[in-house]
Amino acid sequence: MNARFFRVVGYLLFELAALFALAYVRRADVAKVRAEHLYCQWFHDQWHEYEWVKGLVAQGTGGAPKVVAFIGDSSTMDLRDGHTAEQEYGTIARRHLDDLGIGLWMIRAYGNAIDTEYLLADQMIVRRPQAAVLIVNLQAFSDRFSFFRHPDRAHWIALSTVPEALWLPLEDAGVAASELLLGPLIRMARLCEASDAAGAFRELFRARFGFRGPDVVVPAARVEDRYPTALDRSYWGVQVYEAFVRKFERAGIPLLVVIQPVHVELLKETGGYERLGIDSSLNLLKEIAERHGAGVLDLSELLPEAQFYDTATHFTIEGTVAVADATGKGLRDFVLRRARRVGS
Amino acid sequence: MLFNSLDFLLFYVAVAVSFRVLRGVGAWRPAKLFLLASSYLFYMSWNPPFVLLLLLTTAVDFAAGQRIHDATSPGAKRAWLLLSLLTNLGILGYFKYARFLFENLAWLRGYEGPTPAIFDVILPLGISFHTFQSISYTIDMYRGGGKPARDLLDFALFVCFFPQMAAGPIVRSWDFLPQCAAPVPRDERYHERALMLIMVGLFKKVVCADTLGEYVDEVYADIEKFGAANLILAAWAYSFQIYFDFSGYSDMAIGLAGLLGFSLPQNFRVPYCAENPREFWQRWHIALSTWLRDYVYISLGGNRGGEARARWNVFLTMAIGGLWHGAAWHYVLWGAYHGALLVVHRMVAARRPPSPGPLPRLARQFVTFNLVALGLVFFRAPDNAHIVAFLSGLVSGGELVTSGPFLRAILWTGGALAVHHFLDRQSVAPFFLARPPALQATAYAILAVLVFLFSPTSERFIYFQF
């Protein structure tokens with residue numbers, strides 16, 4: 001071995017040490033890591049939901065199964081403790097389709113950001129269900145609700161298995177391609193919770209793309225902060241929503257858009273209902289759905305405030321039963337109506 | 001210990017530094033002894049008791065080699081060769097093929113009971129490689145090719161030299177034993193080249209092979225779900241996955257041996273640029289294909305019995321080569337498929353004068369690549385039902401299913417094809433090795449970061465199972 005070989009090795013060790021040192025220096029302090037974790041945990045959950053879709057993919061694409069594909073959010077997930085089996089959203093909704101011999105494929109993802117739904121569209125369409133249901137939560141159409149602007153979200157999208165993820169407005173979210181490339185390395189360092197250098201290096205060696213950290217308590221939010229102000233077509237979420245509906249129209253799969261209950265009572269009390277232009281926002285979403293041939297089931301005024309249990313779109317047990325029942329009935333009517341139309 | 005693990009990195013650095021120090025102070029024999037002990041330690045990290053098999057093979061073949069060389073009567077030579085073959089093939093046959101044989105006999109006899117415990121054995125690491133290597137030595141002695149090893153230490157190192165014992169390249173005694181006799185001086189770029197091979201090999205395995213494997217696994221998990229275009233892409237992707245996996249391992253083995261001062265033979269030469277099946281085997285797993293030629297094809301009679309006999313020998317050699325890869329019919333099918341390709345090529349070549357032929361070079365390469373990729377369906381499919389599903393999917397059309405791994409497979413396969421063809425025309429190594437040390441180190445640092453980022457998905461080397 002000559003001197004030149006040792007120089008190559010020496011430079012390599014030096015550069016690797018410098019890279020690791022840089023990664024170590026760039027790691028955030030624990031408080032920042034905890035704050036970051038709020039986002040990371042959320043992406044992690046989304047990813048797990050998405051893993052669920054892979055299970056669906058494994059069922060194959062053949063035929064036109066007698067099922068309705070259902071894409072819901074946390075409002076359909078029975079989050080409130082104490083539901084009996086008979087009070088579960090899925091059980092109630094399915095009951096209305098039983099005598100038609102039609103099943104329900106339910107995918108429910110936390111957050112229900114509209115781009116998440118868009119990612120699921122292709123997975124649904126390729127399986128040719130009898131119909132599809134899209135739960136539309138007005139709260140999803142706000143940047144506050146969606147964490148899309150966070151680079152990690154873009155990274156999650158990059159990992160997704162649906163090519164259309166590439167069409168999402170990454171640039172609008174302020175995400176550069178370089179962030180997608182370097183993101184994993186930087187995040188690995190930033191999420192490192194080691195308190196000393198040795199621990200940091202150990203973490204770096206062990207680090208995988210998983211997320212870890214303490215549970216984070218989501219701060220309470222005022223109800224008005226959760227709703228968008230007078231949506232219009234220029235908003236990226238509306239554009240993605242329209243693209244979603246259009247996809248089903250083009251695929252010839254009947255789609256029922258279900259507008260989830262809004263905190264109408266509370267918003268009217270505070271004056272937020274008019275101030276935020278809730279009516280116009282809802283009308284826009286309905287109009288888009290109808291223009292692309294989708295059915296609309298408007299449940300926005302279905303629940304009194306007492307049947308919400310937080311300022312997000314989460315219901316009490318009574319609220320869940322009411323919403324699931326109304327959705328099941330509406331879905332049954334929709335399926336029968338569309339079936340007749342096809343038959344005629 | 002996998003080459004792409006932190007355990008191996010620490011092991012190798014400790015071994016290499018100690019070995020170089022011992023060698024540097026002139027203690028060549030202690031250095032070799034240390035290397036041999038390290039090799040046994042490496043082997044035992046998988047399954048310690050199996051080292052006894054290695055010791056048995058080493059002892060029998062060492063003794064047989066000397067006796068064959070020294071014997072004066074042909075009968076004695078044959079007897080010692082027979083002992084060596086029975087020992088090696090007996091071990092290989094029992095550990096690798098006994099269960100396969102039992103299952104096939106059970107199927108023929110309609111037996112549906114449990115497999116007896118005697119057939120339920122673990123396959124020792126690298127058994128196919130070091131057995132073939134050892135057999136080649138005694139056959140060479142029998143054929144009068146070279147001098148026998150007189151030093152048991154050298155011979156033991158030849159059998160179980162850790163950089164290549166698990167998955168080759170298969171080395172020949174006449175190539176390796178002289179390197180054990182005394183340290184071989186190397187040219188000034190030798191160790192830099194070795195380091196480059198290690199880094200490139202690691203990159204091929206961890207980044208390229210495992211990324212492509214993601215899509216291949218997705219398709220093979222549920223073949224019926226995918227359309228013909230998906231299946232074609234999966235076949236191409238698997239061709240490159242196995243190439244990157246195995247050639248990556250070979251590069252690392254050659255590089256790791258190189259840093260210790262040993263030279264191992266080249267195992268791959270941009271194989272997907274081959275213009276016909278024969279040329280493919282001159283570029284793919286060269287160590288095995290030359291071994292099969294020298295010890296199976298020639299032993300079967302080679303081309304000495306006329307053209308028809310030669311064709312049969314080619315076919316049989318390749319079928320045996322397929323069986324060498326694994327005790328399953330789909331491997332035999334794969335080998336037979338390549339045997340058939342070689343026979344057809346031989347027939348076509350015999351009728352046509354040597355000329356470039358009607359197809360342009362790129363088209364010939366493309367046809368050969370696709371024939372090889374199709375053959376690898378037999379290799380990758382876990383059983384015959386999957387092969388049938390894949391082949392019928394190829395002709396039945398079906399819907400194109402897109403996914404993230406699908407897009408990545410297109411990008412990586414396309415990129416790999418382009419780089420492959422570039423490397424066929426232009427060798428990058430001399431240019432790279434002429435760059436300043438700092439620049440080389442930067443390239444390695446980039447590769448190391450990529451390996452680090454991709455490492456969570458990396459799996460075992462495909463060829464370790466053989």
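What you see is a predicted model, and the numbers here were worked out from it, not measured in a lab.

### A word on the side chain of Thr320(A)
1) Next: Following the sequence through the fold, Thr320(A) ends up in helix H12 (residues 317-343).
2) Next: Among residues more than four places away in sequence, those in contact with Thr320(A) are Asp78(A), His83(A), Gln87(A), Tyr89(A) and Phe315(A).

### Overview of helix H5 (residues 127-142) of chain B
Residues and elements named next belong to chain B.
1) Next: Here H5 contains 16 residues, and its C-alpha end-to-end distance of 22 Å stays within 8% of the 22 Å for a straight helix at 1.5 Å per residue.
2) Next: Most of H5 sits inside the fold, with 15 of its 16 residues counted as buried.
3) Next: Looking one or two residues past H5, glycine 144 carries a phi angle of roughly 80 degrees, positive in sign.

### Section: the nonpolar core
1) Next: One finds Leu35(B), Phe161(B), Phe162(B), Leu260(B), Phe262(B), Tyr272(B) and Phe390(B) to be the most contacted residues of the largest nonpolar core, which totals 140 residues.
2) Next: Broken down by element, the residue count for this core peaks at 18 residues, all from helix H10 (residues 228-259) of chain B.
3) Next: When near neighbours in sequence (up to four residues on either side) are disregarded, Phe262(B) contacts Phe19(B), Trp28(B), Leu35(B), Leu157(B), Phe161(B), Phe176(B), Gln179(B), Cys180(B), Arg186(B), Tyr190(B) and Ala257(B).
4) Next: Counting residues in each nonpolar core, the second largest holds 43 residues, with Leu120(A), Leu134(A), Tyr227(A) and Val240(A) among its members.

### Observations regarding the packing of helix H1 (residues 6-24) of chain B against H10(B)
1) Next: Interhelical geometry of H1(B) versus H10(B) gives an angle of 30 degrees and a closest axis separation of 10 Å. Two secondary-structure elements touch here, H1(B) through Phe8(B), Tyr12(B) and Arg20(B) and H10(B) through Gly255(B), Leu256(B) and Leu259(B).

### A closer look at the sheet that holds strand S5 (residues 295-298) of chain A
Residues and elements named next belong to chain A.
1) Next: Read across the open sheet, the five strands follow the order S2-S1-S3-S4-S5; overall the sheet is parallel. The open sheet has two edge strands, strand S2 (103-108) and S5, and neither has a second partner. Neighbour to neighbour, the strand axes of the sheet diverge by 20 degrees on average, direction disregarded.
2) Next: Pairing of strand S1 (residues 67-72) with S2 involves six bridges; the strand directions are parallel. The residue bridging isoleucine 71 from the neighbouring strand is isoleucine 107, located in S2.
3) Next: With respect to the sheet, helix H3 (residues 89-98) is in contact with S1, S2 and strand S3 (131-136), its orientation differing from that of S2 by roughly 150 degrees.

### Observations concerning the side chain of Arg4(A)
1) Next: One can find Arg4(A) in helix H1 (residues 3-25).
2) Next: A polar atom in the side chain of Arg4(A) sits 2.6 Å from the backbone oxygen of Arg435(B).
3) Next: Residues in contact with Arg4(A), not counting those within four places in the same chain, are Arg189(B), Glu192(B), Leu433(B), Ala434(B), Arg435(B), Pro436(B), Pro437(B) and Gln440(B).

### Digging into the packing of aromatic side chains
Each aromatic ring pair is characterised by the separation of its centres together with the angle its planes make.
Residues and elements named next belong to chain B.
1) Next: For the coordinates displayed, the defined rule picks out 57 aromatic pairs over all chains.
2) Next: Each ring, one from phenylalanine 19 and one from phenylalanine 262, has its centre 6.2 Å from the other, and the planes form 35 degrees; the classification is tilted. On the criterion of sequence distance, the pair formed by phenylalanine 19 in helix H1 and phenylalanine 262 in the loop between H10 and helix H11 (277-283) is long-range, its members being 243 residues apart. For the pair formed by phenylalanine 19 and phenylalanine 262, the shared burial category is buried.
3) Next: Look at phenylalanine 62 and phenylalanine 155: their rings are 5.9 Å apart centre to centre, the planes differ by 40 degrees, and that puts the pair in the tilted class. Taken together, the positions of phenylalanine 62 in helix H3 (residues 51-70) and phenylalanine 155 in helix H6 (residues 152-160) put the pair 93 residues apart, joining distant regions of the chain. Exposure class is identical for phenylalanine 62 and phenylalanine 155. Each is buried.
4) Next: Stacked on the ring of tyrosine 190, the Lys or Arg arginine 186 has its end atom at 4.7 Å from the ring centre.

### Some words on a nonpolar patch on the surface
All names here are of chain B.
1) Next: A surface patch of nonpolar side chains, amounting to about 640 Å² of accessible area, comprises Leu6, Leu9, Leu10, Val13, Val17, Val21 and Val25.
2) Next: Structurally, valine 21 is set in helix H1.
3) Next: Overall, the relative accessible area of 48% leaves valine 21 in the partly exposed class.

### Details of the confidence of the model for chain A
Residue and element names in this part refer to chain A.
1) Next: Mean pLDDT over chain A works out to 73, with 59% of the residues at or above the 70 mark.
2) Next: Note on residues 28-38: pLDDT is under 50 here. Beyond four places in sequence and across chains, it has 18 contacts.
3) Next: Here residues 147-152 is a poorly scored stretch, pLDDT under 50, and it has 23 contacts once near neighbours within four places are set aside; other chains count.

### Some points on the pairing of strand S4 (residues 255-259) of chain A
Look at any regular strand and the pattern is simple: side chains alternate between the two faces of the sheet.
Residues and elements named next belong to chain A.
1) Next: By the criterion of burial, S4 is predominantly enclosed, with five of the five residues buried.
2) Next: The side-chain alternation of S4 yields two buried faces, one formed by Leu255, Val257 and Ile259 and the other by Leu256 and Val258.
3) Next: In this sheet, S4 lies alongside S3 in parallel orientation, the contact comprising five bridges. Residue pairing in the sheet places valine 133 in a bridge with leucine 256 of S4.

### So, unusual backbone geometry
1) Next: One non-glycine residue, Ala230(A), adopts positive backbone phi at about 30 degrees.
2) Next: If you trace the backbone, Ala230(A) turns up in the loop between helix H7 (197-206) and helix H8 (236-251).
3) Next: Here the phi dihedral of His285(B) falls at roughly 40 degrees; this positive angle occurs in a residue that is not glycine.
4) Next: One can find His285(B) in the loop between H11 and helix H12 (286-297).

Conventions adopted
- Residues numbered from 1 in each chain as written.
- Chains lettered and ligands numbered in written order.
- Predicted model: local features only at pLDDT ≥ 70, side-chain atom pairs only at ≥ 80, totals over all residues.
- Heavy atoms only, no water.
- Helix = DSSP H or I, 4+ residues; strand = E, 2+ residues; numbered from the N terminus.
- Contact = heavy atoms within 4.5 Å.
- Expected span 1.5 Å × (residues − 1).
- Buried < 20%, exposed > 50% of the residue type's maximum accessible area, 1.4 Å probe, protein only.
- Core = buried A, V, L, I, M, F, W, Y, C linked by side-chain atoms within 4.5 Å.
- Axes fitted to C-alpha atoms, helices over the stretch in contact; angles between N-to-C directions.
- Pairing = 2+ DSSP bridges.
- Polar contact = N/O pair within 3.5 Å; in protein donor to acceptor, adjacent residues only side chain to side chain.
- Phe/Tyr/Trp six-rings, centres within 6.5 Å; stacked < 30°, edge-to-face > 60°.
- Lys NZ or Arg CZ within 6 Å of the ring centre and 35° of its normal.
- Patch = residues over 30% accessible without salt bridge, like charges linked within 9 Å, V, L, I, M, F, W, Y side chains within 5 Å.
- Areas by Shrake-Rupley, 256 points an atom, 1.4 Å probe, with all protein chains shown as cover.
- Salt bridge = Lys/Arg side-chain N within 4 Å of Asp/Glu carboxyl O.
- pLDDT = per-residue confidence, 0-100.

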